[in-house]
Amino acid sequence: MLTVDELRSAIDLGDIDTVILAFTDMQGRLQGKLLHGQFFLDTVLDHGTEGCNYLLAVDVEMNTVAGYDISSWDTGYGDMVFELDLATIRRLPHRPGSVMIQCDLALEDGTPVRVSPRSILRGQVERAAAHGWKALAGTELEFILFDTSYENAWASGYRELAPANQYNVDYSILGSARVEPILREIRNAMYGAGLNVESAKGECNLGQHEIAFKYDEVITTADNHSVYKTAAKDIAQQRGKSITFMAKPNAREGNSCHIHLSLRGLDDALVFWDHAAGRRTPLYDHFVAGVLATMREFTLLYAPNINSYKRFVKGSFAPTAVAWGLDNRTCSIRLVGHGPSARLENRLPGGDVNPYLAIAAMLAGGLHGIEHELPLEPQMLGSAYESGAPTVPATLRDAREAFARSAVAAEAFGDDVVKHYLHYADIEIAAFDAAVTDWELRRGFERL
């Protein structure tokens, strides 16, 4: 990571010529501008820049969508201010001569844009800080690598893509070695971009892999997640390949995004573990109870797309039950570690998740559990799939209804945020309901 003075010197020396200003949108994508380095120093560093507020009111196709309070034809599609977070200046080794700065969004009067994912997470961080705690998180993001370019994948309708591995390479050193040139390039590029790289490993689907990064404070983790996801795709396309983080791109195992989270004191003191007793603290148990109590109503923030729900299959290592267990991968919440490493793993999100929204949901649920001293139910022993435990919503429509009824969501996030993301779900549901799918054509074109 660079300081402002280091960036200024790099631009003056000609080492950096492009400054990318980016924020993460509702869909979890980086959006923004590419600025000439000298223009950035002369004009933008001290005064900021703007972007159209429709960027938080579009669908995946970037179509302007009616019904959002933040942006419409009636209000003239005004601007939002990009407020530079100068603690996030990072080199991008895979884009020579470039740095990226991540931004918060504000109205022209300086008021934060409350429906921005980064603002939503920041609100829960401030809520935890008021209790004297900070939150740490790590995201484990899986992807599938194809030896097919994005252009050719598009032209083929995303059919008959060639996976980078032809068989299950879960933990296989040989399988990872087959694609190590690109895994290595991604790891090293992300290290150069300021991420703390841990490891890479193969996964179950054909061509599926995971690159892991060390945990950090939650906003930093979400920022890094967004940078990595974009950079991995960028590096793949430079090599004539493609990567998908789609939750369920085919009939085999989907892409997960397990999120590990814990609380610490603002002074780094442990609050989830009692060293003297050698066990979890009551505060930890209340936190887990709150995450479980809100899991169904917050599923929209963990699984935000139609396709997200195709991943929830029994016996697939993707959870279906609202349950917790000690090192039990059949549960939606898995508790692991002890002492400083004590943390909960949320196994519900897929690779399509918006990390800011999912972590904000975990924090909001956990803080609700602490504030109301919710008791933690007994842990799940054995397989949660056949336990009869309550299950997560099976469709985006079900998750939308649960979020709409949630008093906890309204209290934690505000009615305006709830309304905004309900409309997001409504738009996705309406688009899918209007689509004629390949499945319908195959079954009905001739035979019905």
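The protein is annotated in an unreviewed UniProt entry as Glutamine synthetase family protein of Nocardia albiluteola. Comment text from UniProt for the protein, heading Sequence similarities (unreviewed entry), reads "Belongs to the glutamine synthetase family."

### Considerations on the UniProt feature "domain: GS catalytic" (unreviewed entry) in the protein
UniProt's entry tags residues 117–448 with the feature "domain: GS catalytic" (unreviewed entry), counted in the numbering of this structure. As annotated, residues 117–448 comprises 41% helix and 17% strand, and the C-alpha atoms at either end are separated by 45 Å.

### What about the environment of Ser242?
On the secondary structure map, Ser242 appears in strand β11 (residues 242–244). In this structure Ser242 comes out as buried when scored by relative accessible area, which is 3%. C-alpha separation for the pair Ser242 and Tyr150, spaced 92 residues apart in sequence, amounts to 5.4 Å. Reaching out from Ser242, the side chain makes a polar contact with the backbone oxygen of Thr148 at a distance of 2.7 Å.

### Quick look at helix α2 (residues 37–47)
Structural remark: α-helix, 3.6 residues per turn; residues separated by three or four positions point the same way. Looking only at α2, the buried set comprises Gly37, Phe40, Leu41, Val44 and Leu45. Buried positions in α2, seen along its axis, are confined to an arc of 135 degrees and lie on one side of it. Set apart from the buried face of α2 by more than 90 degrees, the exposed residues are Asp42, Asp46 and His47. Against α1 (4–13), β1 (18–24), β2 (30–36), β3 (49–52), β4 (79–84) and β6 (98–106) lie the buried residues of α2.

### A few points about the nonpolar core
Ranked by size, the top nonpolar core spans 123 residues in total, and within it Phe40, Tyr228 and Phe413 carry the most contacts. Of all the elements, helix α10 (residues 355–371) adds the most residues to this core, at 11 residues. Not counting residues up to four positions away in its chain, the partners in contact with Tyr228 are Leu141, Phe143, Ile186, Met190, Leu195, Ile211, Phe213 and Phe245. In terms of nonpolar packing, the next biggest core, distinct from the first, is built from 6 residues, Ala323, Cys331, Ala384 and Ala389 among them.

### Considering the pattern of salt bridges
Under the criterion given, the structure shown has 24 salt bridges. With a shortest N-O distance of 3.0 Å, Asp69 and Lys419 are connected by a salt bridge. A residue pair is termed long-range when its members are at least 10 positions apart, and Asp69 in the loop between β3 and β4 and Lys419 in helix α13 (residues 415–434) qualify at 350 residues. Owing to a relative accessible area of 57%, Asp69 belongs among the exposed residues under this scheme. The salt bridge partner of Glu180 is Arg187, with a shortest N-O separation of 2.6 Å. Glu180 gets classed as partly exposed once you look at its relative accessible area, which sits at 25%. By relative accessible area, which is 19% here, Arg187 ends up buried.

So, how was this worked out
- Residues numbered from 1 in each chain as written.
- Predicted model: local features only at pLDDT ≥ 70, side-chain atom pairs only at ≥ 80, totals over all residues.
- Heavy atoms only, no water.
- UniProt positions renumbered as here; feature names shortened; annotations may be inferred.
- Helix = DSSP H or I, 4+ residues; strand = E, 2+ residues; numbered from the N terminus.
- Buried < 20%, exposed > 50% of the residue type's maximum accessible area, 1.4 Å probe, protein only.
- Polar contact = N/O pair within 3.5 Å; in protein donor to acceptor, adjacent residues only side chain to side chain.
- Arc of directions from axis to C-beta.
- Contact = heavy atoms within 4.5 Å.
- Core = buried A, V, L, I, M, F, W, Y, C linked by side-chain atoms within 4.5 Å.
- Salt bridge = Lys/Arg side-chain N within 4 Å of Asp/Glu carboxyl O.

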